[in-house]
Amino acid sequence: MMMSFVVHGRAFAHIAAFHPEITALRRDLHAHPELGFEEVYTAARVKQALQLCGVDEIHTGIGKTGLVAVIRGQRQSSGRMIGLRADMDALAMAEHNDFAWKSSKPGLMHGCGHDGHTAMLVGAARYLAETRRFDGTAVLIFQPGEEGYAGAQEMINDGLFERFPVQSVYGMHNWPAMRPGTIGLNPGPMMAAADRVTIEITGKGGHGAHPYQTIDPVLVAGHIITGVQSIVSRNVKPVDSAVISLCALQAGDVNAMSVIPGSATLVGTVRTFSTAVQSLVEQRLQELCSGVAQAFGATAVVTYERMYPATINTAPEARFAGDVAESLVGAANLVRDLEPSMGAEDFSFMLRVKPGAYMRLGQGAENGLGSCYLHNSRYDFNDEVLPLGAALHASLVEQGMPLVTA
C-alpha cells in the first residue's frame, strides 16, 4: 500500500512490512462490531493475534471483556513499565457504507475507529515481541466499553494498575480533522469532562383553556432553558471554557393539545475542563433552576451526574510523547498545542491515577476536505495510518525504556 506521507524510524519500517495483516485484522473487527462489555468476538480475535505475535503474557477478563498483554524487553534492569491503551467497542448505530467489510450486525457499527485503535496496538505488540529493543516491560491494555460505559474505570476497579504498576500510560485516537501523517497533542486538557443533567419540574396540570388554574411546567421549562444559557456567559470566566446543552424536553402528550401537564423533564449535558468550573456550573444550575421554578410556584429538582472526568495530559509525559512523535513524522507534522475538544474520553480515568498523555492521529483527507467525521454512519478508519499508529505506540516503549549499551 502506497503512503501519501513520510515516516522515519526502524519501528515504522518494520511494521510497514506487515501492513496487510494489520489491515485485515482491522477490517475483520469492523465487520463484527460489539458494544461495551459485549466484546466477546473482538477479545477472542485480539487474544488469537497476540498469541501469534509471541507476547509473554495474556490476561483476559479484566474489566469484564478487557485484555492485557505483557512484553518484556531484552533487559528489565530499568525496572520500568509503560502502559499503552486501545479501546475496542463499537456504537449502537446503523452503518451506511457499502464496502466488503461493512458491519455484519444491523444497528451496530465501528463509527469511531476503535477497530483501528485495536489493530494498531496489535501491530505494536507484534513489533515489540519480535524485536524487544527496550529495557523494561510493555503493558498493552485492550479496553472495553469506552463509549459511555466507563470501561477504563472498570479495568482500574478490577486491579489493572495493581497488577500492572506502570509508571506512565499513553493512548491515542484517530482524528479525521487532521491529515494522515500528522500527530497532535498538548500538555494539558485534551478532552472535556462529560456530565449529565436531569431537571424534573413539578407544577399543576389542568385545562389549556383555563391556565390560571394551573402551574404550567412547560412555561417553567422554557424559562429555565433560557436562563441556563446565562450561566456560562455571566458566571464562568471568559478565559475558562464550559458548555451547557439542554438537549431534550419531555412534557405532556402531543395528541392532547389542550392539556397542560403536571410535570416536565429536561435532560442535557455539561462539558468543562476544570473541576472548579465544573463545581461552579453544578451549583449555579441548582440555584437557577430552583429559583426560576419557585418564581412560578413550581418546584425543580436537579440531578447532576459526573460521568467522565476531563482528559488532562501531564506535562512531562506530553513533552515526551511529542518528542517521540516528532522523531517519526518531523516537527512540521506535529502539533504540540492542539486545541482541546469538548468531547469526552474515558482514558481520563487512567490519567487520573497515572501520568500519561493522550494523542490525536491524523487520518482525514489529504487536503483536509471531505473527511467523514466520527460517529457518522459512513465513517471508516483510514487503513493508511495503521503502521504509523503502531509505530507511535512501539516508539513510546523503545524511547521511554531505551536499551543502553555499554
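Residues numbered from 1 in each chain as written. Predicted model: local features only at pLDDT ≥ 70, side-chain atom pairs only at ≥ 80, totals over all residues. Heavy atoms only, no water.

Turning our eyes to something else, we now look at the layout of surface pockets. Approximately 530 Å³ is the volume attributed to the largest pocket. If you go around the largest pocket, you meet 23 residues; those closest to its centre are E147, A194, R271, Y308 and A344. For the lining of the largest pocket, the secondary-structure elements that each account for two or more residues are β5 (168-175), β8 (193-202), β12 (263-272), β13 (299-308) and β16 (356-362). For the lining of the largest pocket, a count of residues per class yields nine nonpolar, seven polar and seven charged. (1 Å grid on protein atoms, 1.4 Å probe; cavity = no way out; pocket = protein on both sides within 12 Å on 5 of 7 lines; lining within 4 Å. Points joined across faces, edges and corners; volume = space filled by probe spheres on them. Helix = DSSP H or I, 4+ residues; strand = E, 2+ residues; numbered from the N terminus. Nonpolar A, V, L, I, M, F, W, Y, C, P; charged D, E, K, R; others polar.)

With respect to the helices, strands and loops of the structure, A300 is situated in strand β13. Among the residues examined, A300 registers a relative accessible area of 15% and is labelled buried. (Buried < 20%, exposed > 50% of the residue type's maximum accessible area, 1.4 Å probe, protein only.)

Moving on, we come to the domain arrangement of the protein. For the protein, the assigned domains are domain 1 (10-191 + 310-400) and domain 2 (193-308). Between domain 1 and domain 2, the C-alpha centre-to-centre distance is 38 Å. Opposite the 18 residues of domain 1 that make contact, domain 2 presents 10 residues. Of the roughly 950 Å² buried between domain 1 and domain 2 on both sides combined, carbon and sulfur atoms contribute 70%. Three residues, A310, M342 and A344, lead the burial of domain 1 against domain 2; their summed loss comes to 57% of the area buried on that side. For the pair domain 1 and domain 2, the interface holds zero salt bridges. Here domain 1 and domain 2 share five residue pairs in polar contact (both at pLDDT 80 or more) between them. When its residues are assigned to classes, the side of domain 1 that touches domain 2 shows 10 nonpolar, four polar and four charged. (Domains from an automatic or database assignment. Contact = heavy atoms within 4.5 Å. Buried area = accessible area lost by both parts, 1.4 Å probe. Salt bridge = Lys/Arg side-chain N within 4 Å of Asp/Glu carboxyl O. Polar contact = N/O pair within 3.5 Å; in protein donor to acceptor, adjacent residues only side chain to side chain.)

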